[in-house]
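Take a look at the letters that make up each chain.
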Amino acid sequence: MQFIHYGHACLKLEGRSDAACIMDPWLSRDGAFFRSWFQFPENHPFQDDAVRGVVDICLSHNHEDHFDLGVITKILEEHPEAKLHIARFPSSWFVRHARRRLGALADRVVEHDPFAFFPLRAGGEICFVPEESPGQVDAAMVWRDGDRNLLNLNDARLNTDQFLRIKEILGHVDAFCLQGSGASEYPVCYDYDPGDLLRRRMEKRTLKLEACERVIDLMNPNRVLIFAGPPVFLDPGLNAMNDASATSVFPDQLDITRHFASRRPDIAERCWFTMPGDRLDDDHLFSRTDLTDPRFQAYTDKASYIEGYRERRMDLLPYDWGDLPPMGETLAHFRRMATVSPWASEKIGGSVDFVIHGKRDKATYSVDFARGLAAEGPSANPLYVLEAPAASVHEVLEGRATWDDVMLSLRMVFRERTPRFVPHLKTLLKYQDAETLERLAEYEEKLQRRAATEETIRVESHGKCFRIARHCPHAGVDLLRHGEVNDDGTITCMAHRFRFDLSSGECLNAKGFRLEVRREAPSE
Ligand code: FES
């Protein structure tokens, strides 16, 4: 049995029989997210090899760079016995989404409980470990066969208890695959001034690399594959996103492996360095990679490589921003958005303006979450002004895409008009779904209750002592292990960098979260 990496997050398990399993295929010629992302390095020529013999498809989550509808449909149509396996998440949004996208093939989707191993026809068995928060649909995959195993973390933000349970089940981790580059619209689509943007970019890059380092240390695997990104952006309008500098928020596999080589050689020596179609074996260790070999040109001469790649996709580019969607349909959509979850609306607690840009004209709509209303025209004091291409908004209105897809296309502009991060707005845009938001409300309330009654810890900052809840009110991470007390009377939860005022408990960079705190007398 062997694993082959087909680029990005796509792994194929070839078994003892003709049967194969594929994880997170993304092999389409037309990329993802309205032709903004393209696979890096190009892997479309490997599509036939990658899908040959596949009877089990395992998906971590819904994003198009993992859930390639064209390729999955092809596999399911060609092999009547093939199945699409996904995790059973805290909300049913993903299974409904997958079945809707697959239409007549919907009955081939199989949900699996967390940590419940099931056999693969290629050999061995696999289970999913989904994120616990209903506001994040993503899952790790754990495969084992005898004493061989592979943990495919992807970009799932598991908590420490989940990691430790995986470790206990596996005993040791042979191969650990994880995403080294965040790929989201923050901060590159925000209208921060250049100095602020640079600082935020560096912070994001550093945080992601530190997070990788932490989980690699925690799992202590024999081999590491840094994968799942970043893509390249072939649309000339997005070329700036291909920034290859040390401040890019999208460091590639070579940048990250080199980062480890200089900072943590013990990690770098365990890293594979692969091109699409390479097997996960020791021939493809970074230490054995000859970067002067022309096969690595994608990495060593990236700008020329992207130019050639763009030439090969000119039939798909540039993106046509389209015409404005009809006002009636657009308003109806925004009214649903304002009322789909009274809980999320209350957390957002203000207005958001949406400016939709067509190729000829633009239109502005305001969504007043506080009052559950939407109207044409701007609002007086919006929390955000969000700009988006008309053609992408059309797809959202037709139900073929989500606002998350539009955000990930990186063609949106976020004009922040509030000093606070409003996380529930992002969640609402990602999952405009009553059930998901209801589950999330229950989950966050459970965390708040736990924080109020549960174990506390003592911290000191700026010469003062505080007693605080041990677990972060955002997603329950243990602050004893993952909280960093700052000199200015605040604590930062390193899981997602929410910063809390130790005197008031107020979250200083996100709205809607409060840490239980109280002052304590200083110790002798
Ligand atoms: S768990 Fe997300 S910031 Fe603490």
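All residue numbers here refer to positions counted from 1 along the written sequence of the relevant chain. Predicted model: local features are reported for residues with pLDDT of at least 70 only, side-chain atom pairs are reported and counted for 80 or more only, and whole-chain, interface and lining totals are derived from all residues. Values shown for side chains rest on all heavy atoms present in the structure; no hydrogens or waters enter the calculation.

**Here's the deal with the sheet that holds strand β22 (residues 490–493)**
Across the sheet, three strands lie side by side as β21-β22-β23; this open sheet has antiparallel pairing. Where the open sheet ends on each side, the last strands, each with one partner, are β21 (483–485) and β23 (498–501). Each strand of the sheet is rotated relative to its neighbour by a mean of 25°, with strand direction disregarded. Where β21 meets β22, three bridges bridge the pair, whose relative direction is antiparallel. Across the sheet, Glu484 pairs through a bridge with Thr492, a residue of β22. Strands were regarded as paired on the criterion that DSSP finds at least two bridges between them. Numbering goes from the N terminus for both helices and strands, where a helix is a DSSP run of H or I of at least four residues and a strand is a run of E of at least two. Interaxial angles span 0 to 180 degrees and are taken between N-to-C directions of axes, which are lines fitted to C-alpha atoms, for helices over the stretch in contact.

**A short note on the sheet that holds strand β12 (residues 223–227)**
Taken in spatial order, the six strands make up an open sheet running β7-β8-β9-β10-β11-β12, and their pairing is mixed. With partners counted over all chains shown, the strands left at the sheet margins are β7 (118–119) and β12, one partner each. Here helix α4 (residues 160–170) sits on the sheet and contacts β8 (125–130), β9 (139–145) and β10 (148–154); the angle it forms with β9, its principal contact strand, is near 10°. Two residues form a contact once any of their heavy atoms are found within 4.5 Å.

**Remarks on the domain arrangement of the protein chain**
Marked domain ranges trace back to an automatic or database domain assignment. Taken domain by domain, the protein chain consists of domain 1 (2–314), domain 2 (327–432) and domain 3 (454–520). Once you take the C-alpha centre of each, domain 1 and domain 3 turn out to be 33 Å apart. The buried area of a pairing is the accessible area, by a 1.4 Å probe, that goes missing from both parts when the two are put together, added over both. Interface area, domain 1 with domain 3, both sides summed: about 600 Å², of which 50% is carbon and sulfur. Any Lys or Arg side-chain nitrogen located within 4 Å of an Asp or Glu carboxyl oxygen qualifies as a salt bridge. One can count zero salt bridges joining domain 1 with domain 3.

**Here's the deal with the nonpolar core**
Ranked by size, the top nonpolar core spans 59 residues in total, and within it Phe334, Phe354 and Trp403 carry the most contacts. Core analysis: the next-biggest nonpolar cluster, separate from the first, contains 54 residues, Val51, Cys58, Leu76 and Ala175 among them. Here, the term nonpolar core denotes a set of buried Ala, Val, Leu, Ile, Met, Phe, Trp, Tyr and Cys residues that are joined through side-chain atoms within 4.5 Å. Here's how the labels work: a residue is buried when its accessible area is under 20% of the maximum for its type, exposed when over 50%, partly exposed in between, all with a 1.4 Å probe on protein chains only.

**Re the packing of aromatic side chains**
We call Phe, Tyr and Trp rings a pair once their centres come within 6.5 Å, taking the six-membered ring for Trp, and we label the pair stacked below 30 degrees between planes, edge-to-face above 60, and tilted otherwise. The final tally for this structure, using the stated rule, is 25 aromatic pairs. Geometrically, the ring pair formed by Phe38 and Tyr309 is edge-to-face, given 6.4 Å between the ring centres and 70° between the ring planes. Placement of Phe38 in the loop between β3 (20–23) and α1 (47–51) and of Tyr309 in helix α9 (residues 302–312) is noted, with a sequence separation of 271 residues between them. Accessibility expressed as a relative area gives 0% for Tyr309, which makes it buried. Seen from their ring centres, Phe89 and Phe94 are 5.8 Å apart, and the 70° between their planes marks the pair as edge-to-face. Phe94 carries the same exposure label as Phe89, and that label is buried.

**Thoughts on the packing of helix α5 (residues 194–219) against helix α6 (residues 253–263)**
As a packed pair, α5 and α6 sit with axes 12 Å apart at the nearest point and diverge in direction by 65°. As the angle between them shows, α5 and α6 are arranged roughly perpendicular. The handedness of the crossing between α5 and α6 is right-handed. Facing Arg205, Leu209, Cys212, Glu213 and Ile216 of α5, the residues of α6 in contact are Asp255, Ile256, His259, Phe260 and Arg263. Should an angle fall under 35 degrees it is taken as roughly parallel, and over 145 as roughly antiparallel, whereas 65 to 115 is taken as roughly perpendicular and any remaining angle as oblique. For any pair of crossing helices, the crossing counts as left-handed if the nearer helix is rotated counterclockwise from the farther one by less than a right angle, and right-handed if it is rotated clockwise.

**Side note on the pairing of strand β6 (residues 109–112)**
The pairing of strand β5 (residues 83–87) with β6 spans four bridges and is classified as parallel. Residue pairing for β6: Ala87 is matched across the bridge by His112. Each parallel crossover has a hand, and for β5 linked through helix α3 (residues 93–102) to β6 it is right-handed. Orient the strands so they point away from the viewer; a crossover is then right-handed if the path from the first strand over the helix to the second runs clockwise.

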